[in-house]
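# Coordinates in review
Chain by chain, the residues run as shown.
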Amino acid sequence: MSDRKSMDDIMALCKRRGFIYPASEIYGGINGFWDYGPLGAQLKKNLRDAWWEDVVLLPCGGNPGATGEPVSIVPLDSCIIQNPKVWVASGHVGGFSDPMCTCRQCKKLLRADHVPDLLREAAWVKSLAEAELGATGGRDEGGEPVARSAEIGRLKQWARKAGRKLAPGAWLVRNAEHQLSPPFAAAETEYPWPALLHTVATGVAACDAPHLVSACPYCGGDLTEPRQFNLMFHSYTGAVFDEDNKVYLRPETAQGIFTNFKNVVDTMRVRVPFGIAQTGKAFRNEVTPRNFTFRSREFEQMEIEFFCHPEEARQWYAFWRDSRMAWWQAIGLKGDNLRLREHDQDELAHYAKDGAGTSDIEYRFPFTAPGFGELEGIAHRSDFDLRQHQQHSGVKLEYFDNERGEPAPNGQPKGERYLPHVIEPSAGLDRGVLAVLCEAFTVDPARPSGVIMRFHPRLAPIKAAVFPLVNKDGMPEVANTLAATLTKRFARRGGSIETDPKQSIGKRYARMDEAGCPYCFTVDGDTLKDQTVTVRDRDTGGQERIAIEQVATFLDDKLG
Ligand code: GAP
């Protein structure tokens with residue numbers, strides 16, 4: 001078995017086996033939108049259901065929360081389109097934007113902060129950097145950078161075409177007056193690639209000339225200065241398409257929770273600390289959607305807003321950070337591909353600066369490796385959102401806690417009125433599915449399929465397959481009866497039971513390995529004599545015989 005995972009291979013399998021298709025593919029697709037095929041739709045539903053069961057129905061497995069009581073969470077399903085004032089109050093109208101630039105040569109629109117990464121990925125930049133490094137690793141005995149002369153020729157040619165000049169030592173510079181300091185400054189000598197690539201490609205040493213814009217990763221052309229670009233999609237309600245009727249597609253599900261906080265408190269028997277959870281679509285007009293479903297323009301979130309007393313925010317933050325990490329591990333993202341990263345002080349949102357903290361649960365995707373990409377953020381949002389909505393709506397959103405405050409003359413607490421603080425575990429469902437797909441994808445040249453999808457049985461979109469060894473001699477009938485029994489019993493457990501009488505048994509196993517089906521039961525000649533079947537385990541390929549009447553119990557145990 002091999003650890004090698006190629007994103008191209010994973011995407012090809014997703015298409016081939018009906019997990020994920022490009023949206024509107026017959027019309028050439030649409031950038032940043034993806035459709036889930038039959039297996040993908042079930043896989044995604046299983047992940048969403050697992051979250052719902054473990055967050056809403058039995059929060060944290062029924063274990064006590066940070067303050068020793070059971071964790072209380074109620075669900076919500078709010079609208080995608082809200083009163084536009086919601087997005088003014090939340091700060092999305094004023095501030096939810098990305099810096100964007102345009103290539104003057106090829107006219108591509110790019111997110112300015114993605115340019116260095118894109119440059120690093122660009123094949124032409126890599127070849128230039130390789131040329132620059134040469135066969136020697138880029139340094140002579142004296143530690144000076146060296147380059148092969150033939151490659152320098154190519155480099156010069158490219159520089160001339162791209163309107164750049166080569167500085168002494170073959171460093172590219174955009175303007176002769178901006179002399180680059182060598183990118184291999186002391187700290188960079190061990191691993192000069194990023195600095196080198198950036199410098200070769202852009203001719204800009206960020207430290208020396210931060211005001212210079214970079215080169216286009218696609219054609220090397222000049223990029224405009226970054227402009228702010230609001231990420232919210234908009235539309236209009238009613239027949240008149242003017243500013244008064246402008247509405248937005250929600251860029252996060254969270255705000256629907258904040259605006260319903262008072263409704264939930266007034267109508268449900270909830271007491272702070274408690275949480276409101278919802279899953280649903282969110283839309284962002286990402287400037288550079290990329291990396292398959294990782295950064296899409298339409299995606300689904302699974303968000304909890306957990307309301308607590310300000311003095312308990314630290315405890316609840318740590319509680320949610322750790323329990324969300326444990327959840328991703330429990331559904332199969334184990335090992336060092338998953339990590340928890342606390343944000344540095346300079347990464348924190350302004351309202352989180354004095355807070356309990358912010359952390360990301362990150363996964364090492366094939367396209368981020370050796371780096372990581374965010375799956376879920378856990379943030380202490382203080383009372384920022386409730387305060388904003390209180391101020392903009394004019395409706396009091398304070399909570400009255402009759403178990404807090406100084407004791408009254410009758411000995412009972414007087415009560416305390418406060419705006420709760422919020423801990424927000426906010427996960428991406430599509431990113432979760434992508435991580436599950438990447439984690440499950442296992443190359444095994446010894447298998448006929450060459451690939452096994454090792455999904456956690458809880459998430460597997462096909463729970464089991466029942467095959468007749470050959471399509472005759474009474475075997476198909478026994479297999480069909482067993483499949484029908486299992487379907488009745490397991491159809492509500494998040495996946496189908498497949499049957500398939502055709503092709504060689506090896507090919508049928510191979511198909512199931514690629515689909516991630518954890519168990520195959522085969523009816524053969526012996527079944528007709530001794531009422532036993534073969535069980536094949538997807539992960540080990542091992543086989544054992546069990547009584548046909550034991551199959552349902554066996555599967556029940558294994559699916560958990
Ligand atoms: N309410 C907080 C919030 O929305 P966020 O970090 O912007 O925070 C939360 O988004 C999660 O939503 C991310 O961790 C990620 O998993 C997912 N997400 C965000 N933008 C996405 C995109 N363009 N495509 C897919 N998933 C995205």
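Given the structure is predicted, the values throughout are model-derived calculations rather than measurements. (Residues numbered from 1 in each chain as written. Predicted model: local features only at pLDDT ≥ 70, side-chain atom pairs only at ≥ 80, totals over all residues. Heavy atoms only, no water.)

So, on to the site of the ligand. As a matter of local geometry, the ligand sits amid 18 residues, with E252, R284, E286, E303 and E374 nearest to it. Contact between the ligand and E286: a nitrogen atom at 2.8 Å from a side-chain N or O atom of the residue. Within the complex, the protein chains bury 88% of what would otherwise be the 550 Å² of accessible surface of the ligand. Taken together, the elements giving at least two residues each to the shell around the ligand come down to β12 (298-308), β15 (373-382) and β18 (421-428). (Near = heavy atom within 4 Å. Polar contact = N/O pair within 3.5 Å; in protein donor to acceptor, adjacent residues only side chain to side chain. Areas by Shrake-Rupley, 256 points an atom, 1.4 Å probe, with all protein chains shown as cover. Helix = DSSP H or I, 4+ residues; strand = E, 2+ residues; numbered from the N terminus.)

For the rest of this paragraph, the subject is the pattern of salt bridges. For the structure on display, the rule yields 38 salt bridges. Measuring nitrogen to oxygen at the nearest pair gives 3.0 Å for the salt bridge that ties D401 to R271. With a gap of 130 residues between them, D401 in strand β16 (residues 399-401) and R271 in the loop between α10 (261-267) and β11 (274-283) connect regions that are remote in the sequence. Ionic pairing is found between D556 and R489, a salt bridge with its closest N-O pair at 3.3 Å. A residue pair is termed long-range when its members are at least 10 positions apart, and D556 in helix α17 (residues 551-559) and R489 in helix α14 (residues 475-490) qualify at 67 residues. What emerges from the salt-bridge pattern is a single network uniting R271, E312, D401, E403 and R404. (Salt bridge = Lys/Arg side-chain N within 4 Å of Asp/Glu carboxyl O.)

So, on to unusual backbone geometry. At the junction of V272 and P273, the peptide bond is cis and its omega measures out at 10 degrees in the coordinates. Positionally, P273 belongs in the loop between α10 and β11. With an omega dihedral of 5 degrees, the bond running from A369 to P370 counts as a cis peptide bond. Relative to the helices and strands, P370 resides in the loop between β14 (358-363) and β15.

Each pocket or cavity is described by its volume, and for the second largest pocket that value is around 480 Å³. K5, N337, Y363, C438 and E439 are the residues nearest the centre of the second largest pocket, which is lined by 23 residues in total. Secondary-structure elements contributing two or more residues to the lining of the second largest pocket are α13 (429-440) and β19 (441-443). With 4 residues, α13 is the single largest residue contributor to the lining of the second largest pocket. For the lining of the second largest pocket, the per-class residue count stands at 12 nonpolar, 5 polar and 6 charged. (1 Å grid on protein atoms, 1.4 Å probe; cavity = no way out; pocket = protein on both sides within 12 Å on 5 of 7 lines; lining within 4 Å. Points joined across faces, edges and corners; volume = space filled by probe spheres on them. Nonpolar A, V, L, I, M, F, W, Y, C, P; charged D, E, K, R; others polar.)

By size, the foremost hydrophobic cluster in this structure holds 67 residues, and its most contacted members are W320 and W328. Not counting residues within four places of it along the chain, the set of residues in contact with W328 comprises L47, M302, L333, L338, I361, L375, E376, A427, G428 and G432. Within the second largest apolar cluster, 21 residues are counted, among which are F490, Y519, I546 and F554. (Core = buried A, V, L, I, M, F, W, Y, C linked by side-chain atoms within 4.5 Å. Buried < 20%, exposed > 50% of the residue type's maximum accessible area, 1.4 Å probe, protein only. Contact = heavy atoms within 4.5 Å.)

So, on to the side chain of N260. Mapping N260 onto the fold places it in the loop between α9 (254-259) and α10. Not counting the four nearest positions on each side in its chain, N260 is found in contact with L76 and S78.

Model confidence for the protein is summarised by a mean pLDDT of 85, while 81% of its residues fall at 70 or above. Contacts of residues 132-139 to residues separated by more than four positions or lying in other chains number 24 contacts, the stretch itself having pLDDT below 50. Note on residues 166-213: pLDDT is under 50 here. Beyond four places in sequence and across chains, it has 105 contacts. (pLDDT = per-residue confidence, 0-100.)

Here we come to α14. If you check α14, its first and last C-alpha atoms are 22 Å apart, about what 16 residues at 1.5 Å a residue would give, namely 22 Å. Along its buried surface, α14 packs onto β21 (462-468), β22 (496-499), β23 (519-523), α16 (525-530) and α17. (Expected span 1.5 Å × (residues − 1).)

Across the sheet, which stays open at both edges, the 3 strands sit in the order β5-β4-β8 with antiparallel pairing between neighbours. In this open sheet, the two edge strands, each paired with only one partner strand, are β5 (109-111) and β8 (227-230). Each adjacent strand pair in this sheet contributes to an overall mean axis angle of 50 degrees, direction not counted. Judged from the 4 bridges that link them, strand β4 (residues 97-102) and β8 form a sheet pairing that is antiparallel. Following the sheet pairing, M100 is matched in β8 by R227. (Pairing = 2+ DSSP bridges. Axes fitted to C-alpha atoms, helices over the stretch in contact; angles between N-to-C directions.)

With that out of the way, let us pick up the state of the cysteines. Counted under the stated rule, the structure contains 0 disulfides. C14 provides the cysteine sulfur closest to C438, a residue in no disulfide bond, and the two sulfurs are 7.8 Å apart. (Disulfide = S-S within 2.5 Å.)

Turning to α13, a few remarks are in order. When the terminal C-alpha atoms of α13 are compared, their 16 Å separation across 12 residues agrees well with the 16 Å that a helix rising 1.5 Å per residue should span. α13 sits mainly inside the fold: 11 of its 12 residues count as buried. Turning to α13, its buried residues number three or more, namely L429, D430, R431, G432, V433, L434, A435, V436, L437, C438 and A440.

Now for the packing of α14 against α17. Between α14 and α17, whose axes approach to 10 Å, the crossing angle comes to 40 degrees. Taken as axis vectors, α14 and α17 run oblique relative to one another. Here α14 and α17 pass one another in a crossing that is right-handed. Where α14 approaches α17, its residues L482, L486, R489 and F490 are matched on the opposing element by V551, A552, T553, L555, D556 and L559. Here the contact of α14 with α17 is composed, by residue class, of 7 nonpolar, 1 polar and 2 charged. (Parallel < 35°, antiparallel > 145°, perpendicular 65-115°, else oblique. Left-handed = near helix turned anticlockwise from the far one by under 90°.)

As a further point, take the packing of aromatic side chains. Counted under the stated rule, the structure contains 20 aromatic pairs. Judged by centre distance (5.4 Å) and plane angle (85 degrees), the ring pair of Y519 and F554 falls under edge-to-face. Pair noted here: Y519 is in strand β23 and F554 is in helix α17, with a separation of 35 residues, a long-range link. Judged by its relative accessible area of 14%, F554 is buried. Ring geometry for F521 against F554: centres 6.0 Å apart, planes inclined by 85 degrees, an arrangement best described as edge-to-face. With F521 in strand β23 and F554 in helix α17, this residue pair connects regions lying 33 residues apart in the sequence. In this structure, R431 is placed above the aromatic ring of F294, and the distance from its NZ or CZ to the ring centre is 3.7 Å. A cation over a ring is seen here: R508 above F467, with NZ or CZ 5.3 Å from the ring centre. (Phe/Tyr/Trp six-rings, centres within 6.5 Å; stacked < 30°, edge-to-face > 60°. Lys NZ or Arg CZ within 6 Å of the ring centre and 35° of its normal.)

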